[in-house]
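Topology and contacts: notes
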Amino acid sequence: MANLNVIEAVRFYVRRMIEDCHDNIKGLIMDKETASIVSMIYAQSELLQKEVFLFERIDSTGQKSLKSLSAICFIRPTEENLETLVRELHDPKYGSYYIYFSNFLQTNAIKTLADADEFACVRVIQEFYADYLAINPHVYSLNIPTTYHKYYEWNDSVFHRTVQGLVSLIFSLRSRNIIIRFQKSSNMARTLADQIYSTVKTQTDSIASNINDTSQTIVLIVDRREDAITPLMNQWTYQAMVHELIGIKNNRVNLSQVPGIKKELEEVIMNAEHDEFYETNLYSNFGDIATNIKALMEDFQEKHKNQSKLESISDMKTFVETYPQFKKLSGTVSKHVTIVSELSRLVGLYNLLEVSEIEQNLVCQSDHNDIVQKIKRLIHDDKVRREDILRILCLYALRYEHQSNNELNALKNEAQNRQRLSEKNIHFIPALLNYGGQKFRQTNLFNIQTPLAITRQFIRGLRGVDNVYAQHVPLIKDLLEQLLRGKLKDTFYPNVNAKDQINPNNRNSANQLQQQGQIIKPSEIIVYTIGGITYEESLHVHMMNKQGARIILGGSYVHNFSSFIDEVMAGAS
Amino acid sequence: MLQAVGDVREGFICPQCHQDMSTMEMLQVHFQDIHMKQSSSTVKGLFSFAKQKIKSVQDNFTNIPNEQTNNYAQYFSSDQNDSSSKPQQIGYIRSYTDRFKKERKAQHDQISIETTRLLLRIEKLISTGENIPKNANTKERRKYEQDIVEWIDDTKVTLCPSCAKSFSLSRRKHHCRLDGFVICDPCSRFLLFSKARYLIEPSTSSLPNGLSLQHSNSLTSLNSTTADDSACKDRTNNEDYLRICLSCQKVLQRRYDQICFKNTQRDEVFVCYEKIVEAKKILDEIHPTYSTMIESLLIGDTKYQIVDAQKLYRQLSTCYDKIDSTSKYISKLADSCLNIDEDDTQSIIRYSALCRNMRMYAIHVLQNFAISTRRVPSEDDVKRAREERKRLIEERIESERAAKAELASRIPLTDSPAVKKKEVSGWRPTIDRNLLVQAQELNPLVQQVYQVTEYIRQAQIAGRLDEVESLKLNLKELEQALNNAQQQENVSTFDS
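Since this is a predicted model, take the numbers as computed values, not measurements.

For chain A, the count of helices and strands is 23 helices and 14 strands. Looking at chain A as a whole, 63% of its 573 residues qualify as buried. Here the contacts in chain A between residues at least 6 apart in sequence split such that 80% fall between residues at least 24 apart.

On a plain count of helices and strands, chain B comes out with 16 helices and seven strands. Looking at chain B residue by residue over its 496 residues, the buried ones come to 35%. Within chain B, counting contacts between residues at least 6 apart in sequence, those at least 24 apart form 63% of the total. Surface summary for chain B: the accessible area is close to 31000 Å², and the carbon and sulfur share equals 51%.

Time to look at the domain arrangement of chain A. Residue and element names in this part refer to chain A. For chain A, the assigned domains read domain 1 (6-130), domain 2 (135-227 + 474-572), domain 3 (238-350) and domain 4 (351-440). Summed over both partners, the interface of domain 2 with domain 3 buries about 970 Å², with 51% contributed by carbon and sulfur atoms. Area buried by domain 2 at its contact with domain 3 is led by Asn 136, Tyr 535 and Asn 560, which between them contribute 49% of it. Here domain 2 is connected to domain 3 by four residue pairs in polar contact (both at pLDDT 80 or more). Listing elements by their share of the side of domain 2 that touches domain 3, those giving two or more residues are strand S6 (133-136) and helix H22 (535-546). The leading source of residues in the side of domain 2 that touches domain 3 is H22, at five residues. When grouped by side-chain class, the residues that make up the side of domain 2 that touches domain 3 number six nonpolar, seven polar and one charged.

The residue Arg16(A) is located in helix H1 (residues 6-20) in this model. C-alpha separation for the pair Arg16(A) and Phe128(A), spaced 112 residues apart in sequence, amounts to 9.6 Å.

This part is about the packing of aromatic side chains. Across all of its chains, the model carries 23 aromatic pairs over all chains by this definition. Each ring, one from Trp236(A) and one from Phe286(A), has its centre 6.3 Å from the other, and the planes form 45 degrees; the classification is tilted. Of this pair, Trp236(A) sits in the loop between strand S9 (217-223) and helix H8 (238-245) while Phe286(A) sits in helix H10 (residues 286-304), and the two are 50 residues apart along the sequence. The residues Trp236(A) and Phe286(A) share a single accessibility class, namely buried. Ring geometry for Tyr290(B) against Tyr313(B): centres 5.8 Å apart, planes inclined by 40 degrees, an arrangement best described as tilted. Placement of Tyr290(B) in helix H9 (residues 268-298) and of Tyr313(B) in helix H10 (residues 306-336) is noted, with a sequence separation of 23 residues between them. Overall, Tyr290(B) belongs to the buried group, its relative accessible area being 1%.

What follows is about helix H4 (residues 97-126) of chain B. Here H4(B) contains 30 residues, and its C-alpha end-to-end distance of 41 Å stays within 8% of the 44 Å for a straight helix at 1.5 Å per residue. Within the sequence span of H4(B), burial applies to Thr97(B), Phe100(B), Arg104(B), Ile111(B), Thr115(B), Leu118(B), Leu119(B), Ile122(B), Leu125(B) and Ile126(B).

The strands making up a sheet are joined through hydrogen bonds of the backbone, oriented either antiparallel or parallel. Residue and element names in this part refer to chain A. If you walk across this open sheet you meet the six strands as S6-S7-S14-S13-S9-S8, and the pairing is mixed. Each of the sheet's edge strands pairs with one partner strand only, and the pair in question is S6 and strand S8 (178-182). Strand-to-strand, the axes of this sheet are offset by a mean angle of 20 degrees, without reference to chain direction. Pairing between S8 and S9: five bridges, direction parallel. Paired with Phe 182 across the strands is Ile 221, a residue of S9. Strand contacts of H1: S6, strand S7 (139-141) and strand S14 (551-555), with the helix running at about 140 degrees to S6, the strand carrying the most contacts.

This part takes up the nonpolar core. Residues Leu192(A), Ile196(A), Ile221(A), Leu432(A) and Leu480(A) are the most contacted members of the largest nonpolar core, which totals 168 residues. Contact partners of Ile196(A), with chain neighbours within four places excluded, come to Val163(A), Leu166(A), Val167(A), Ile170(A), Ile178(A) and Ile180(A). Leu54(A), Leu66(A), Leu89(A) and Met293(B) belong to the second-largest nonpolar core, a separate cluster that totals 64 residues.

The rules behind the values
- Residues numbered from 1 in each chain as written.
- Chains lettered and ligands numbered in written order.
- Predicted model: local features only at pLDDT ≥ 70, side-chain atom pairs only at ≥ 80, totals over all residues.
- Heavy atoms only, no water.
- Helix = DSSP H or I, 4+ residues; strand = E, 2+ residues; numbered from the N terminus.
- Buried < 20%, exposed > 50% of the residue type's maximum accessible area, 1.4 Å probe, protein only.
- Contact = heavy atoms within 4.5 Å.
- Areas by Shrake-Rupley, 256 points an atom, 1.4 Å probe, with all protein chains shown as cover.
- Domains from an automatic or database assignment.
- Buried area = accessible area lost by both parts, 1.4 Å probe.
- Polar contact = N/O pair within 3.5 Å; in protein donor to acceptor, adjacent residues only side chain to side chain.
- Nonpolar A, V, L, I, M, F, W, Y, C, P; charged D, E, K, R; others polar.
- Phe/Tyr/Trp six-rings, centres within 6.5 Å; stacked < 30°, edge-to-face > 60°.
- Expected span 1.5 Å × (residues − 1).
- Pairing = 2+ DSSP bridges.
- Axes fitted to C-alpha atoms, helices over the stretch in contact; angles between N-to-C directions.
- Core = buried A, V, L, I, M, F, W, Y, C linked by side-chain atoms within 4.5 Å.

Right under this line is the structure:
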């Protein structure tokens, strides 16, 4: 059974746009957001082969008309874009227009556009619901860096964008029967769930045709505040690590800070769709990637009878530089060698192995005294970055929030005395406690008491830890496990549709089923995290999907520690 | 870094004393020996119970990523009607095109009624019949104009409707010749007859010189205000004109823009690109034929001649050259940017990007063809291939002949029609000699059955279905005969 794939879903739309335009010379007109949506899934060269010769922003100026060119406009239905489009149609640059909106249009928009189209050059107007960034087959993002505003509430424009994005995702996957479960403790989750429910309900009738489709989709809406730990941790799988240490933005990685970087590698594109090595190693452990690159190079060496040994990453780097053929042969590999060597440099430079081990123990073990000693040692280690000390202190603050022998202040003072904690960062710790402290959380994040967690720890104790750096399991995985087993409590994660139960016309028989205590078997689960996801969570969902689950994970943003700090601070003010 | 990973503390660390054990067994032994002894027997019982439980729980943790289990699948629907069992389809789409076109049509119809009405009036006003006065200020002319468009009574109009200034001696009342409304002189527009004619029949009459080359497409250059120099000139030039109001001017301007839109000259790039498209079409057509031709030449077939292939190859390479040279020319156009204002940097960037992308596309097309097009083989190659093929055919014939001779010498069974037929068609079954030896001891009838069965088997292998059929018929007859014989034999023994 084919898993739904968000990358494929967006590709379908873009492909259809281009195929429906039969003219020879095409141009793709986008706005800022749709441009990133398209760039996530198509390389420009790929579109070029479909005779798309021009890539333009809708707001770009320039009078010269190109009447022989057909413009495929893929834009979001914002006021601003509509105004620009109306102006454009009054004085058209291109010969014909194929207009695709990425979301619902206001009813009067059609009339406004029709009146503007004096030259009758509009051929098509459609809504194509590709209003989100498809990052991996099972991961999407709405690219909203800060969701929270003033005391962790919605702001209108962000709320509107979120509803649009999530509904478009639901429609692009052809899900029509949805059950929405949301995190009860979060007002934002509740408001969002209600709005999604009513929007989908009103829009479905005019869009979806296949009533016989019995498939059920569960939409789980959670709030990042329930699990503030995951974005604080250092990561050791490739994609997560690159994002944490260097930063991935719309599949682009900026390497200009890397010492001695070559001009052509200052900004590289990391897209698993076009990069086989990246695709296979997305979820590999740091150690494995190096081994894989090494294997690839040794294979090449064998062919070219080169005997020099490849012992370290720097050996590999020199090797790539001295063998231009190899560079050509495996174009992308040189990019990955650069990145992996940079990662390994940073790991050594900042003592990240030690930091990460303490992070993991802090979250998953429970020896308080031991941890405090280790943290103190870390504060005195000059190799450790300030931000890593902040990570540790944050984790400590969350973990021992209400412990009587809490030594947070002592640790804070010590860090300050050693000048390892900046002014801004001191404010972050209380902000974080306010953001994701115990007061807000409804479940125990360090759920040491739950039976599941006890067994897990027991097994861990027995088997030993596979990898000390991957002990932490994000909360979302537990939630999904519970959801699948029908054990996710309605008191914590209620169902939006439950309110409609009285309605006799409700054709959603699943509600009744659920009432009778039966577990619904969904065709897929869509997770939306208010406040963003992390690549660590993506990794765990990927693992579940590999074992037959059909889960699509997404959120407002894909966070790393630094973007997470910004988000938390934005909500606190 | 590789060394660094080697330092990682992983493996079997005892949960109690954090001692590092190298294997699972060692840890188990260690745990049982040291820690279990300390604990009471109830814990021990618990432990073994937990051990059983662990077995079932264990798989559910991804700590064991190597295990390729599918244990989540059970939680998902596997219904046949379920959309998830089908391959993913394009997501939902909502089309507004029909509604849009309806709205647009309504709007356009309204405009076109208005425009047509004005154009009809213009046509009458500017028509140059003999008895129609042209001089704008004569009474006859005014009468003629008023016959076509009724002028409104200007006695009650005190303000100019467009600029709202009151009329006076210096600000006199005028009438729009197209709808009869009152306007003041500064608000009037003047439509020259020549331009009016162009509006009515853009295809036959061309715009007077100088006007078609105006920078903007605006009609204001066409009927300019009195303040405008050119208009004054026009008026003094004695060219006939019509005084019109702003709203009529707007309608006519729209008409003018539309004419311009339809008649815009195509950029050179697009004309060039069309050549590429054409050439590519030919390439796409010829290429498959060419490929099969080369293929057949290389295996020594005589269906095509080298000359044919060479002819096609020449055609291919002309197309190839055409694409190459045209696209090169286009990429040169990128730098020249004809007809674009120098200040309009955006347009320049756009234009050159377009040209460069076309060139890249062309290069890509060429590369694809270059890879998949094989050169015409040389005379020698073909000759060799043909000789080889001839040799192969001769060899086959030779071996067939030899086999036939062998068969003829070995088997006296040539009287079977089926066998004869086989020989004619160049396929022949062989007889297993062991089988023959064995068969010789048998009844001749049985012997024949054996042989025919063997033929059938071989015929089946060779895929000669019709022969299999006929052989089967033979076999049946033989079996019948054999049965009869045996029955007779049985009967005779029974009798005795």
